[in-house]
Amino acid sequence: MNKLSMSPSGRRVITAVTVSAFILQACTFSLFNNPINIGGGSTPGPVVEVASPTPQAMAQTNFVVTIPEPLQPGESLALAVMDEVTGLSLNATQFPMSPRDSITYTAVLPLPFNSVVKYRYVRHSAAQVLEDTNSGAAIRYRMFYVAGPSEVQDIVADWGDKSFARPTGKIEGHVFNADTGSSLPNILVTAGGAQTLTDSTGRFELDGLPTGTQNLLVYSLDGMYQTFQQGAAIAAGSTTPVDLRIKPAQLASVTFIVSVPATTVPGVPVRIAGNLLQLGNTFADLQGGVSTNADRMPIMSLQADGRYAVTLGLPIGAHIQYKYTLGDGFWNAEHTVNGQWNLRDFVVPAQGVTIQDQVASWLVGDTSPILFEVTVPSVTPPGDIVYIQFNTFGWMEPIPMWPLGNNRWAYKLYGPLNILGSFAYRYCRNGQCGAADDSATVGAAPTGRQAGTSLLSQDIQDTVNAWKWFENPEPVTLVGTAITPRPNGFLTGIEFQSTYRPNWSYYAPQAFANTQALGANYAVLTPSWTYTSVSPLAFSPVPGQDPLWIDSAIMISQARALGLTISIFPTPNFPASSSTFWLDAPRDAQWWLTWLARYRAFAVNYADLATQTGAQTLILGGDWIAPALPNGKLPDGSPANSPADIDTQWRSVIADVRAHFKGQILWALPYTKSAIEAPLDFLKDTDGIYLLWSAPLSTNPSATKVDYALEAGRLLDNEVAPLASVLGKPLILAVAYPSASGSASGCISNGRGGCLDWTELNQPNADINSVELNLQTQADIYEALLTAVNSRAWVSGFVSRGYYIPAALQDKSASVHSKPAADILWYWYPRLTGAVR
């Protein structure tokens, strides 16, 4: 037997040599870089150079709104025009409305032709009260396309501080490409302040709309389809069906050239923050009330003359709102000479255009900028980026700092300092504040480090003594084991955590490269939709919580480019938990019909994504779905009352999926004795089993790897092998064991007499102090399971579940990212596939 020592630095070298060029070119630079000139190939088509976008012609727009009851004495009504680039709650412009009668108010606004205005209604009482939907959901904004002088008729259903009973109806329909007739996914549809995104069939549903005529608007998040709107009549208790066809937009080359103030630190990245997806807008409610994310914004190139430039392909006719920034749409964003936020806008012309702008100031008022300099631990992984996060109205979105080399980072904060006074800040890795924290400011709501504004410039120098969950990465000694290479087709995989945040996709290329470096040949992505209501059932993608269609498509493309076989495992999000969802559901006949229809749409959506992106496998089911199986049981053990024909229904779902996807379809079945012995005839219609394995291996704290391996082998032979034999289909073992004491028992105590679900230890969930970190236990379990699998030819693959994409953390979760268990995989995976002998 040979011993191989794997040091923390060795693990970091694996990460460093595989770190994506995408990360490096975007974020690794010197403050004293030589200027980079615009170069490369020419863009076809004429280009017009203008000093700045020509001011748009204005159209008088009359907003008429009906409110649910007369205002009280002293109250007033306003129309708030929203600024999603700065932040919906941070820079709205309010226009007072005049009464037409006791419940009808009007306001006339001059708005640019061909613009899309985002707005909502505000009642001023003792406090400012925002409108919400009939179901009590907050209204982010309404939308109106300004095609010319017009009148907008709206109905306020509810106020945030009171509810009203009123008749409602809904709109259902599909959105198609007007030129090709193809269905369009990921299109925003809104009416009455309610919003939703279309699925792969172009389907959408807006429920709970007040009766009357609502303005129905269809909007492409990236502007690649022309905005469309029409009135939709809503009748009480009825569904208004609509099929909408929108025309694709062509791209025009737009070059932005900007001069920045002389006070700008030379060579730092200047970004463009804007209202489209490709300009950093996430269309989500992020921390602190912002919607843009710095990691998703285009970075401009420094020119020889000191200006910055970037050329983008933007959709002709798209209404663009944008600003220049050294941070995001709020922090270090440009201001006018009068100290106001500077939000620029124009409509993309049919011909290419060069726009020359000048930033008047990054500063606001008389306060001076603050330079933050920080030295971080030498164990910081070389591909990591250090971020700074500020607390004003609460912790906001983290901002990437500027690397100085030798584990030193800097960031100069220019504004908006006029609104701060004293404030808090903290440092974290890869934008994951609350997970990959400075050990002095840990968690979702720490006090933070303290700073204050001043008339004099400040240089704050800090040291991060340790990173939480990466304080002192443990070395690992691997004991060489004789490993029999498996036949071609054996899968060695990583399943990525289903929790999602918009900046995670920025770190996906590095995660895929690290996966490849482990010797894995199989990547399982877990995109999600969210259940926002159990009754009436609402299940659809929610920006900021679920990856958008384009985000998933890009990640699949990145993983495939590294030669990884791709599987899509659609996984729902729940506001509380899947247990609460099932227990709260009415589960009557009509509810089950709706639930099955929505799951079918969910599955077909990702079948279409798999087809369009070239993913090879689709995984249906999951451990959360047990109540919807034949003889299904609720989490408390009582009957779920699933339909009598549920097996037939599942066969129908699988048949529908096959009509959209010709690849392999697996069923994710949780390993429990009752689950694998249940008579699930529909499994015969799948191509194999993805066995979700967190089985108890020993309750003895002194158990060894040998003990774990023997018990795993017994369970596989006695309980799993008969299922594999009966089905005659491939079986993949998908493993999830947290790096925590008690993990091998299959029950980590929740302190209330029950067991934690392994996902409760995932980031960015709050740490559970009663659970003890134990990295070695996880590594021992992995080695034992791989030993058991190696001697059982009928097991077709091995997958590690719960990989945390954005950062290496040696935490209590099941993620193996940079843990000793990853070193076990690094040794075993290439030997199982025969890549190393």
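It should be noted that the structure appears before, not after, this text.
Here we summarise the structure given alongside this text. What you see is a predicted model; the values in this text were computed from it and never measured.

One pass over the full model with this rule turns up 52 aromatic pairs. Ring geometry for F330 versus F393: centroids 6.2 Å apart, planes at 70°, classification edge-to-face. Residue F330 is located in the loop between β24 (319-325) and β25 (344-347), and its partner F393 is located in the loop between β28 (386-391) and β29 (399-400); the two are separated by 63 residues in the primary sequence. Judged by its relative accessible area of 54%, F393 falls in the exposed class. Arranged with centres 5.8 Å apart and planes meeting at 80°, the rings of Y425 and Y427 form a pair that is edge-to-face. The same class applies to Y425 and to Y427, which are both buried. Just above the ring of W395 sits the side chain of R426; from NZ or CZ to the centre is 4.9 Å. Sitting over the face of the ring of W469, K468 holds its NZ or CZ atom 4.3 Å from the ring centroid.

Looking at the element boundaries, N186 is found in the loop between β13 (168-177) and β14 (187-191). If we skip the residues at most four places from it in the chain, N186 touches L197, T198, L221, L548, W549 and I550.

The next point concerns the sheet that holds strand β27 (residues 370-375). Reading across the sheet, the four strands line up as β30-β31-β27-β34 and stay open at both edges, with mixed pairing between neighbours. Strands at the two margins of the open sheet, each flanked by one partner only, are β30 (402-405) and β34 (458-463). Neighbouring strand axes in the sheet, compared pairwise and without regard to direction, differ in orientation by 25° on average. In this sheet, strand β31 (residues 408-413) lies alongside β27 in antiparallel orientation, the contact comprising six bridges. From the neighbouring strand, T375 faces β31, where its bridge partner is R408.

Moving on, we come to the state of the cysteines. A disulfide bridge is the covalent bond that connects two cysteines by way of their sulfur atoms. This model, assessed by the stated rule, comprises two disulfides. Residue pairing for C428: its cysteine sulfur links by disulfide to C433, the two sulfurs lying 2.0 Å apart. In this structure the cystine formed by C428 and C433 twists about its S-S bond by roughly -75°; its chirality is therefore left-handed. The disulfide partner of C747 is C755, and the S-S distance across this bridge is 1.8 Å. Its S-S torsion of approximately -95° makes the covalent link between C747 and C755 left-handed. Here the cysteine-cysteine linkages of the chain are recorded as 1-2, 3-4, numbering only bonded cysteines and doing so in sequence order.

The rules behind these values
- Residues numbered from 1 in each chain as written.
- Predicted model: local features only at pLDDT ≥ 70, side-chain atom pairs only at ≥ 80, totals over all residues.
- Heavy atoms only, no water.
- Phe/Tyr/Trp six-rings, centres within 6.5 Å; stacked < 30°, edge-to-face > 60°.
- Helix = DSSP H or I, 4+ residues; strand = E, 2+ residues; numbered from the N terminus.
- Buried < 20%, exposed > 50% of the residue type's maximum accessible area, 1.4 Å probe, protein only.
- Lys NZ or Arg CZ within 6 Å of the ring centre and 35° of its normal.
- Contact = heavy atoms within 4.5 Å.
- Pairing = 2+ DSSP bridges.
- Axes fitted to C-alpha atoms, helices over the stretch in contact; angles between N-to-C directions.
- Disulfide = S-S within 2.5 Å.

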